[in-house]
Amino acid sequence: MGSHMNVIDYLRQHIRTVPDWPSPGVQFRDITPLLQNPRVFRVLIDQFVHRYMAPDLRPDVVAGIDARGFILGAVIAYELNIGFVPIRKKGKLPFDTVSEEYELEYGSATVEIHTDAVRPGDCVLLIDDLIATGGTMMAGKRLLEKLGASVIEGAAIVDLPELGGSQLLRDAGLPLFTLVDFSGH
């Protein structure tokens, strides 16, 4: 595989679109085929690892968002030789936590992180599989900032720009790195 574009096309071919899931009219972007093929998984992870090996972008810790952000974030943290912290849905973490509520299409949700997960001044890479409305990543950013850390970048495999999340996050001052965007369909 040669240029960056070839790599992105290669990854895009391994994202499965499932129509009408979880509800009618939704085109669900399923990343599990990226993970189950060992060569594709390695190419995927390397896109992030190579970026964050750069001294000016190298984080102190990776924070992954429940649940697919755990899969990516843990492997990326391991490859960068830094720690990983989970941002979990409410009620899953056993130790002292801070929480952040955010709005969903219907109602709201809460994410939590352990109070000792990051230290003031830590530079954090925040990772999830996909950016849709941006609500979860925004809540994760605020959580990490409550503990005094700074989020250097938000990263995801897929951006769905038409749902407005990536614009919302950038407007809030969070740089983003995504590999594949599905716009206009």
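Residues numbered from 1 in each chain as written. Predicted model: local features only at pLDDT ≥ 70, side-chain atom pairs only at ≥ 80, totals over all residues. Heavy atoms only, no water.

Considerations on the overall build of the protein chain
In step 1: For the protein chain, the helix and strand inventory stands at six helices and 10 strands.
In step 2: The C-alpha atoms of the protein chain give 16 Å as radius of gyration, which agrees with the globular expectation for 185 residues (16 Å, within 12%).
In step 3: Each principal axis of the C-alpha atoms in the protein chain carries an extent, and together these give about 40 × 40 × 30 Å.
In step 4: For the protein chain, with 185 residues in total, the buried portion stands at 46%.
In step 5: Within the protein chain, contacts between residues at least 6 apart in sequence are counted, and of these 57% link residues at least 24 apart.
In step 6: In the form shown here, the protein chain has an accessible surface area of approximately 9400 Å², with 51% of it arising from carbon and sulfur atoms. (Helix = DSSP H or I, 4+ residues; strand = E, 2+ residues; numbered from the N terminus. Rg over C-alpha atoms; globule rule 2.2 N^0.38 Å. Buried < 20%, exposed > 50% of the residue type's maximum accessible area, 1.4 Å probe, protein only. Contact = heavy atoms within 4.5 Å. Areas by Shrake-Rupley, 256 points an atom, 1.4 Å probe, with all protein chains shown as cover.)

Quick word on the environment of Ile65
In step 1: Along the chain, Ile65 turns up in strand E3 (residues 61-65).
In step 2: Residue Ile65 is classed as buried on the basis of its relative accessible area of 1%.
In step 3: The contacts of Ile65, once residues within four sequence positions are left out, are Phe70, Ile87, Leu126, Ile127, Asp128, Thr136 and Met137.

Some words on the nonpolar core
In step 1: Counting 32 residues, the largest nonpolar core has Leu44, Phe48, Ile76 and Ile157 as its most contacted members.
In step 2: Elements with a minimum of two residues in this core: helix H1 (4-12), helix H2 (32-36), helix H3 (38-52), helix H4 (68-80), strand E7 (123-127), strand E9 (150-159) and strand E10 (176-181).
In step 3: For this core, the leading source of residues is H3, giving seven residues.
In step 4: Aside from chain neighbours lying at most four places away, what touches Leu44 is Leu11, Leu34, Leu35, Leu72, Ile157 and Leu179.
In step 5: Ala109, Val118, Leu143 and Leu176 belong to the second largest nonpolar core, which has 27 residues in total. (Core = buried A, V, L, I, M, F, W, Y, C linked by side-chain atoms within 4.5 Å.)

Brief notes about the packing of H3 against H4
In step 1: It is the contact of H3 with H4, at a shortest axis distance of 10 Å, that shows an interaxial angle of 55°. On the basis of their axis angle, the class for H3 and H4 is oblique. Crossing of H3 over H4 shows right-handed handedness. Note on element contacts: H4 touches H3 through Leu72, Val75, Ile76, Glu79 and Leu80, opposite Phe41, Leu44, Ile45, Phe48, Val49 and Tyr52.
In step 2: By residue class, the composition of the contact of H3 with H4 is 10 nonpolar, no polar and one charged. (Axes fitted to C-alpha atoms, helices over the stretch in contact; angles between N-to-C directions. Parallel < 35°, antiparallel > 145°, perpendicular 65-115°, else oblique. Left-handed = near helix turned anticlockwise from the far one by under 90°. Nonpolar A, V, L, I, M, F, W, Y, C, P; charged D, E, K, R; others polar.)

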